Amino acid sequence: RRERTEEIDRSRLYGTVDVATFPWTAVYTTREYVSLIDTYSDHSTLEDARRLPLYDAIAGAIDRHGGSITVPYVAMAFLARRR
């Protein structure tokens, strides 16, 4: 957050930067979560020999803890008027 506001300030193109945060959570079933992480390039590009056991381990951990996982997220909006 600070890094972004400092970058905007350094541009000297904008006035004071206000930051609004919007926290939210998503609940994923085991299948939904494994499908989600398979869209992340650092996961999907792994060789099958590494990726599939990783996904099995993650799925097993989620299943052992009730079959779902709650993931917190925060959306941020950086607002500033042009000078």
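Higher on the page you've got the structure.
Here goes a summary of the coordinates provided. Within each chain, residue numbers correspond to sequence positions counted from 1 in written order. Where totals are concerned, whole chains, interfaces and linings use all residues; where local detail is concerned, this predicted model gives features only for residues with pLDDT of at least 70, and gives and counts side-chain atom pairs only at 80 or more. The side-chain values count all of the structure's non-hydrogen atoms but skip hydrogen atoms and water molecules.

### So, the packing of aromatic side chains
Pairing of aromatic rings covers Phe, Tyr and Trp, the last counted by its six-membered ring, and requires centre-to-centre distances within 6.5 Å; plane angles under 30 degrees mean stacked, over 60 mean edge-to-face, and any other angle means tilted. What the rule picks out here adds up to two aromatic pairs. Measuring from ring centre to ring centre gives 4.5 Å for Trp24 and Tyr73, while their planes differ by 20°; the resulting arrangement is stacked. Note that Trp24 is positioned in strand E1 (residues 18–29) and Tyr73 in strand E2 (residues 68–79), a separation of 49 residues in sequence. Per the convention used, a helix needs a DSSP run of H or I reaching at least four residues, while a strand needs a run of E reaching at least two, with both numbered from the N terminus.

### Focus on the pattern of salt bridges
In the sections that follow, a salt bridge refers to a side-chain nitrogen of Lys or Arg positioned within 4 Å of a carboxyl oxygen of Asp or Glu. What the rule picks out here adds up to three salt bridges. Between Arg51 and Asp38 there is a salt bridge; the shortest N-O distance is 3.6 Å. A residue pair is termed long-range when its members are at least 10 positions apart, and Arg51 in helix H4 (residues 48–64) and Asp38 in the loop between helix H2 (30–37) and helix H3 (41–44) qualify at 13 residues. Burial classification: accessible surface area is computed with a 1.4 Å probe over protein chains only, and a residue below 20% of its type maximum counts as buried, one above 50% as exposed, and the rest as partly exposed. The exposure class of Arg51 is buried, given its relative accessible area of 14%. Asp38 gets classed as partly exposed once you look at its relative accessible area, which sits at 33%. Between Asp48 and Arg51 there is a salt bridge, and its shortest N-O distance comes to 2.8 Å. Separated by three residues within a single helix, Asp48 and Arg51 lie in helix H4, roughly one turn from each other.

### Points about the nonpolar core
Among buried residues, the Ala, Val, Leu, Ile, Met, Phe, Trp, Tyr and Cys ones that are joined through side-chain atoms within 4.5 Å form a nonpolar core. Membership of the largest hydrophobic core is limited to nine residues, which are Ala26, Tyr28, Tyr33, Val34, Ile37, Tyr55, Ala59, Ile62 and Val71. Residue assignment for this core shows that the elements contributing at least two residues are E1, H2 and H4. Residue contacts follow a heavy-atom distance rule, with two residues in contact if any of their heavy atoms lie within 4.5 Å. Other than its neighbours up to four places away in sequence, Tyr55 contacts Val34, Ile37, Asp38, His43 and Ser44.

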